Amino acid sequence: MIGIGADEPVPGRLIAVEGLDGSGKSTQIYLLKRWLEMKGLKVFFSEWNSSFLVKKATSKGKKRQLLTPTTFSLIHSTDFADRYERQILPLLKAGFIVLCDRYIYTAFARDAVRGCPRPWLHKLYSFARKPDITFFFNTPLQTALGRILGGRPQLKYHEAGMDLGLSRDPYESFSLFQGKIYQEYLAMKDGYSFEEIDGTALIETQQQQVREIVGERIDLARFRRRSSI
Ligand code: ADP
């Protein structure tokens with residue numbers, strides 16, 4: 001990789017949130033972002049899979065079932081590498097606190113469920129530095145499912161894990177798929193030193209805990225924007 005190794009020091013700090021769909025992670029990272037911004041700190045927010053590239057490639061592929069777990073995984077990792085090298089890393093080098101709604105652990109969990117070997121996945125994403133803090137919102141499967149499926153949303157093909165052939169009903173497929181992903185998160189949480197947050201706690205309680213951990217682990221005063229006056 002051009003530039004900087006995954007272990008080289010940078011002035012910025014990287015915070016990621018992980019968990020099931022409906023675990024509450026986006027709510028918390030949004031509140032964290034607002035808090036850090038209100039303190040006048042340099043913050044940047046990045047989301048998993050937002051790119052046009054992935055949407056186009058996967059929507060074409062799914063129609064004709066062209067994608068294997070390996071090619072599906074490679075498309076996502078390419079997208080992530082692009083975002084990592086164009087946004088995340090430059091901003092870390094520029095001394096920002098970078099907040100990521102989902103990070104490489106999302107790929108580890110989803111792609112392992114799809115059958116990609118875990119060591120292969122770890123190697124594939126080895127260019128990416130480990131976050132300074134990874135929050136894992138540990139929300140019981142039924143709670144997370146209830147939050148997402150309560151509104152009977154339109155589930156996308158891959159989002160529901162339909163490519164795995166678990167069920168022909170998208171809602172059942174989604175539930176089974178999420179259950180498998182949850183097991184992957186549980187298996188990863190100690191090895192990757194996730195900061196576990198009780199996903200069933202009140203939003204305010206969770207946010208208080210998140211802020212406390214961030215305040216303890218990161219010297220926030222270092223990230224103040226210089227006043228333009
Ligand atoms: P995710 O990003 O993990 O998919 P969201 O933050 O979008 O989850 O939350 C999913 C839904 O659950 C939203 O309707 C949100 O308001 C609700 N929610 C989030 N956190 C909590 C919580 N601690 N308790 C109850 N409901 C929550």
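Coordinates for the structure precede this section.
Nothing here was measured: the structure is a model prediction, and the numbers come from that model.

Draft legend 1. Spatial organisation of the overall build of the chain. The number of helices and strands found in the chain is 8 helices and 5 strands. Counted from the first residue to the last, the chain has its helices and strands arranged as β-α-β-α-α-β-α-α-β-α-α-β-α. Taking 17 Å as the expected radius of gyration for a compact globule of 229 residues, we find that the chain reaches 18 Å, a close match to that expectation. Its C-alpha atoms give the chain principal-axis dimensions of roughly 60 × 45 × 35 Å. Every one of the 229 residues in the chain was classed for burial, and the buried ones make up 46%. Sequence-distant contacts, at least 24 apart, represent 78% of the contacts inside the chain between residues at least 6 apart. When the accessible area of the chain is evaluated, it comes to approximately 11,900 Å², of which 52% is carbon and sulfur surface. Side chains of the chain carry 34 positive and 25 negative charges; the gap between the two charge centres is 6 Å.

Draft legend 2. Seen up close, the environment of A107. Summarising the element assignment, A107 is placed in helix α4 (residues 104–113). Given the relative accessible area of 3%, A107 is considered buried. Through-space distance from the C-alpha of A107 to that of S73 is 7.5 Å; in sequence the pair is 34 residues apart. Excluding residues within four positions of it along the chain, A107 makes contact with W48, A112, L121 and Y125.

Draft legend 3. Inspection of the side chain of S77 at higher detail. Among the structural elements, S77 can be located in helix α3 (residues 69–93). For S77, a relative accessible area of 6% gives the class buried. One polar contact links the side chain of S77 to the main-chain carbonyl oxygen of L74, over a distance of 3.0 Å. Not counting residues within four places of it along the chain, the set of residues in contact with S77 comprises L124, Y125 and F127.

Draft legend 4. View of the layout of surface pockets. Of the volumes computed, that of the largest pocket is approximately 960 Å³. Together, 36 residues line the largest pocket, and W48, N49, R110, K156 and E159 are the ones closest to its centre. Elements represented by at least two residues in the lining of the largest pocket include exactly α1 (25–38), α2 (52–63), α3, α4, α6 (141–149) and α7 (170–188). Of the residues forming the lining of the largest pocket, the biggest block, 5 residues, is contributed by α2.

About the thresholds
- Residues numbered from 1 in each chain as written.
- Predicted model: local features only at pLDDT ≥ 70, side-chain atom pairs only at ≥ 80, totals over all residues.
- Heavy atoms only, no water.
- Helix = DSSP H or I, 4+ residues; strand = E, 2+ residues; numbered from the N terminus.
- Rg over C-alpha atoms; globule rule 2.2 N^0.38 Å.
- Buried < 20%, exposed > 50% of the residue type's maximum accessible area, 1.4 Å probe, protein only.
- Contact = heavy atoms within 4.5 Å.
- Areas by Shrake-Rupley, 256 points an atom, 1.4 Å probe, with all protein chains shown as cover.
- Lys, Arg positive; Asp, Glu negative; His and termini not counted.
- Charge placed at Lys NZ, Arg CZ, Asp CG, Glu CD.
- Polar contact = N/O pair within 3.5 Å; in protein donor to acceptor, adjacent residues only side chain to side chain.
- 1 Å grid on protein atoms, 1.4 Å probe; cavity = no way out; pocket = protein on both sides within 12 Å on 5 of 7 lines; lining within 4 Å.
- Points joined across faces, edges and corners; volume = space filled by probe spheres on them.

Keep in mind that these numbers describe shape and distance, not what the molecule does.
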